[in-house]
Amino acid sequence: MSKLRPLGIEDVFALSEILDKLQIVDNIADIQQKAVGKEDAASYAGVQIMALVLSKMYKVKDLMFAWLADLTNQTVQDVSKLSLKELKELFTQISKSDGITELFTSLVSTEEN
């Protein structure tokens, strides 16, 4: 399983570009609203957002491979060879990463302004 580096400011820019091409900002805002009041709101929102991204990932294949390679300190070629199980584990790790909800929150608030 690939080890993730901590999320940082560069990830905001990478995800901003990905989200722009996916056109899912409104969906993310809806997920965040639905998460309010849930017992584990951050985890719920993270999993829902990652599922949404996965469902549209074909639109940003090259951008996603580049970001995942950077995030895991691998080459794009290595990332492109991940099994479905490994990809799922990677996205699970991302959805549980410290700061992922805050990262998406900052992206949504930036996109809405």
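Counting starts from 1 at the beginning of each chain's written sequence and moves along it residue by residue. Only residues with pLDDT of 70 or above have their local features reported here, since the model is predicted, and side-chain atom pairs are shown and tallied only from 80 upward, although totals for entire chains, interfaces and linings are computed over all residues. As a convention, hydrogens and water are excluded, and side-chain values are obtained from all of the structure's heavy atoms.

**Some points on the pattern of salt bridges**
Part 1 of the argument: What makes a salt bridge here is a side-chain nitrogen of Lys or Arg within 4 Å of a carboxyl oxygen of Asp or Glu, nothing more. Enumeration over the complete set of coordinates arrives at 2 salt bridges.
Part 2 of the argument: The shortest N-O distance in the salt bridge between aspartate 11 and arginine 5 comes to 2.7 Å.
Part 3 of the argument: Partly exposed residues are those whose accessible area sits between 20% and 50% of the maximum for their type, while under 20% is buried and over 50% is exposed, using a 1.4 Å probe and protein chains only. The class for arginine 5 is partly exposed, based on a relative accessible area of 27%.
Part 4 of the argument: In this structure, arginine 5 engages aspartate 70 in a salt bridge whose closest nitrogen and oxygen atoms are separated by 2.6 Å. With arginine 5 in the segment before helix H1 (9-22) and aspartate 70 in helix H4 (residues 61-72), the pair connects residues that are 65 residues apart, well separated along the chain.
Part 5 of the argument: Via salt bridges that share partners, Arg5, Asp11 and Asp70 belong to a single interconnected network. Segments assigned H or I by DSSP are reported as helices when at least four residues long, segments assigned E as strands when at least two residues long, and all are numbered from the N terminus.

**Points about helix H2 (residues 25-35)**
Part 1 of the argument: Residues of H2 that are buried: Val25, Ile28, Ala29, Ile31, Gln32 and Ala35. Along H2, the residues classed as buried sweep out an arc of 160° about the axis, all on the same side. The exposed residues of H2 that point more than 90 degrees off its buried face are Asp26, Gln33 and Lys34.
Part 2 of the argument: Trailing H2 by a residue or two, glycine 37 shows a phi angle of about 90°, which is positive. To be clear, the arc concerns the directions from the helix axis to the C-beta atoms.

**Concerning the packing of H2 against helix H3 (residues 41-56)**
Part 1 of the argument: Where H2 contacts H3, the axes come no closer than 9 Å and their chain directions differ by 155°. Taken together, H2 and H3 sit at an angle that is classed as roughly antiparallel. Seen along the crossing, H2 lies across H3 with a hand that is right-handed. On H3, the residues that touch Asn27, Ile28, Ile31, Lys34 and Ala35 of H2 are Ala41, Tyr44, Ala45, Gln48, Ile49 and Leu52.
Part 2 of the argument: Ten residue types, Ala, Val, Leu, Ile, Met, Phe, Trp, Tyr, Cys and Pro, are classed as nonpolar, four, Asp, Glu, Lys and Arg, as charged, and the remainder, Gly among them, as polar. Per-class residue counts for the contact of H2 with H3 are 8 nonpolar, 2 polar and 1 charged. Angles shown run from 0 to 180 degrees and are taken between the N-to-C directions of axes, each axis being a line fitted to C-alpha atoms and, for helices, limited to the stretch in contact. Relative orientations are named as follows: roughly parallel for angles under 35 degrees, roughly antiparallel for angles over 145 degrees, roughly perpendicular for angles from 65 to 115 degrees, and oblique for any other angle. Helix crossings are classified by the rotation of the near helix relative to the far one: an anticlockwise turn of less than a right angle makes the crossing left-handed, while a clockwise turn makes it right-handed. Only heavy atoms matter for contacts: two residues are in contact if any of them lie within 4.5 Å across the pair.

**Structural notes on H3**
Part 1 of the argument: Multiply 1.5 Å by the residue count of a helix minus one, and that product is the helix's expected span. Over its 16 residues, H3 runs 23 Å from end to end, which matches the ideal 22 Å to within 8%, given 1.5 Å per residue.
Part 2 of the argument: When we look at burial in H3, the residues that qualify are Ala45, Gly46, Ile49, Met50, Leu52 and Val53. In a view along the axis of H3, the buried residues occupy a sector of 160°, so they form one face of it.

**Points about the packing of aromatic side chains**
Part 1 of the argument: The pairing test for Phe, Tyr and Trp rings, Trp by its six-membered ring, is centres within 6.5 Å, and the orientation test on the planes gives stacked under 30 degrees, edge-to-face over 60, and tilted for anything in between. Counting across every chain of the model gives 0 aromatic pairs.
Part 2 of the argument: By the criterion adopted, a ring carries a charge over it if an Arg CZ or a Lys NZ lies within 6 Å of its centre and within 35 degrees of its normal. Cation over ring: lysine 38 sits above tyrosine 44, and NZ or CZ is 4.8 Å from the ring centre.

**Brief notes about unusual backbone geometry**
Part 1 of the argument: We note that glutamine 23 has phi near 55°; this positive angle belongs to a residue other than glycine.
Part 2 of the argument: By secondary structure assignment, the location of glutamine 23 is in the loop between H1 and H2.
Part 3 of the argument: In the Ramachandran plot, asparagine 73 falls in the positive-phi region, its phi being about 55° despite a non-glycine side chain.
Part 4 of the argument: Mapped onto the secondary structure, asparagine 73 falls in the loop between H4 and helix H5 (76-80).
Part 5 of the argument: Residue asparagine 73 is classed as exposed on the basis of its relative accessible area of 73%.

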